[in-house]
Amino acid sequence: MDISSILQGGYQHPLSRSWQARRHLTKSMFMYPIFITDDPNASVIIPSLPGQRRWGVNKLEEFLGPLVKKGLESVILFGVPLNCQKDMQGTPADDPTGPVILAIKKLRELFPTLYIACDVCLCEYTDHGHCGLLHGDGTIDTAPSVQRIAEVAVNYAKAGAHCVAPSDMMDGRIKAIKRGLIDAGYGNKCTLMAYSAKFASSLYGPFRDAAGSAPSFGNRKCYQLPPTGRGLARRAIQRDAAEGADIIMVKPALPYLDIIADAAQIAPDHPLACYQVSGEFAMIHAGAAAGVYDLKTMAFESVESMVRAGATLILSYFTPEFLEWL
Ligand SMILES: [Zn+2]
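Sequence order as written defines the numbering, with residues in each chain counted from 1. Per-residue local features are limited, in this predicted model, to residues with pLDDT of at least 70; the limit for side-chain atom pairs, both in listing and counting, is 80 or more; totals at the level of whole chains, interfaces and linings are taken over all residues.

The cut-off we apply is this: UniProt positions are given in the numbering used here, feature names are shortened, and annotations may be inferred rather than shown by experiment.
If you check an unreviewed UniProt entry, the protein appears there as Delta-aminolevulinic acid dehydratase from Laccaria bicolor. A UniProt comment under Pathway (unreviewed entry) is attached to the protein, and it reads "Porphyrin-containing compound metabolism; protoporphyrin-IX biosynthesis; coproporphyrinogen-III from 5-aminolevulinate: step 1/4." Its UniProt record gives the protein a comment under Function (unreviewed entry), which states: "Catalyzes an early step in the biosynthesis of tetrapyrroles. Binds two molecules of 5-aminolevulinate per subunit, each at a distinct site, and catalyzes their condensation to form porphobilinogen."

Shown next as structure tokens:
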């Protein structure tokens, strides 16, 4: 055997195996996505997302208290309004009495050390279910969409969000939100996490179940990236970094590890997030239930691959499990 052929000495012991990683998973790498609805006492099971619920503001203490004790450091809030009056502009998005703003304030009060990010989009709040404002012919009207989204983001920051994360994919919204934050005095107080490379994926199904957010007509493919669009993803990452994003995100994660690796190379000085989306989570559960693999082993393999690709932050519904496992 030639010397150059020998590798196994480096990974025959569990400890030397662990040293093969450039970076190790930690609890602080996990951000937990949670669904906040407008019934303050809600605790409603979401059948397609094992273990996840829609929560009302009054239930946040009993839901998150034990997780914070186990080391939960960050959450990202998704508003799921079921009773509000939706309109063309998505007016309820930043209603001061709406679920997201109430939840931000409640969480700041309950858990002073918890980092609170907010998804920013209009699709939950528009009557047509699209992420922006529309022209008469049903296409996206970019300029007012961006303006409205920036307004919502600033209002979340004013309510106390540590981070705003626009998921709408409208051109120019990162620059507009950053400008809005600066002008409102939050330029140095609120992180801007850009869903930069968000692909039009089949893996969002359970999320749409949870959030009730399928568009009433058409689809979101004209503003989400085509799964083949590696070049577009790279351009979006470059653009968002240049427009003032503090964190870059790739979504979904597992089918797009090459894009995560690209982002790590294109924006090496930014934290890099990836979103292990609802369909990825449901798929790992379904495979485990079918006896294809062990749930915990597969959950680790999935997120370790994301860290290997370059992610420094993972949005995952497995967060409560990892707080136990790590
Ligand atoms: Zn949206």
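**Let's talk about the pairing of strand S8 (residues 247-251)**
Applicable threshold: Put simply, a residue is buried when 20 or more other C-beta atoms lie within 10 Å of its own C-beta and exposed when 12 or fewer do; between those, it is partly exposed, and each C-beta is set from the backbone. Only DSSP runs of H or I covering at least 4 residues are called helices, and only runs of E covering at least 2 are called strands; the numbering of each starts at the N terminus. We call two strands paired when DSSP finds no fewer than two bridges between them.
Most of S8 is tucked away: 5 of the 5 residues are buried. Residues Ile247, Met249 and Lys251 point to one face of S8 and Ile248 and Val250 to the other, with burial holding for every one of them. Note that strand S7 (residues 191-198) and S8 share 5 bridges and pair parallel. Its bridge partner being in S8, methionine 193 is matched across the sheet by isoleucine 247. The pairing of S8 with strand S9 (residues 272-276) spans 3 bridges and is classified as parallel. If you follow valine 250 over to S9, its bridge partner there is cysteine 274.

**Description of the UniProt feature "active site" (unreviewed entry) in the protein**
Which entries qualify depends on this criterion: Any pair of residues counts as being in contact when their C-beta atoms, constructed from backbone geometry, are within 7 Å of one another.
Under the UniProt annotation, the feature "active site" (unreviewed entry) is placed at Lys198 and Lys251. In three dimensions, the annotated residues from a span of 54 residues occupy one location, with a maximal C-alpha spread of 4.8 Å. Its location among the elements puts lysine 198 in strand S7. Residue lysine 198 is classed as buried on the basis of its C-beta count, with 25 C-beta atoms lying within 10 Å. Ignoring any residue separated from it by four or fewer positions in sequence, one finds lysine 198 in contact with Ser167, Met169, Gln224, Leu225 and Lys251. The contacts of lysine 251, once residues within four sequence positions are left out, are Tyr195, Lys198, Phe199, Cys274, Tyr275 and Val277.

**As for the pairing of strand S6 (residues 163-166)**
The condition is simple: Crossover handedness is defined here as right-handed if the route from the first strand over the helix to the second strand goes clockwise, with the strands pointing away from the viewer.
Residue alternation in S6 divides its side chains into two sets, Cys163 and Ala165 and Val164 and Pro166, and both sets are buried. As a crossover connection, the stretch from strand S5 (residues 115-120) through helix H4 (residues 142-159) into S6 is right-handed. Here S6 runs beside S7; their pairing, made up of 2 bridges, is parallel. Bridge pairing in S7 places valine 164 opposite leucine 192.

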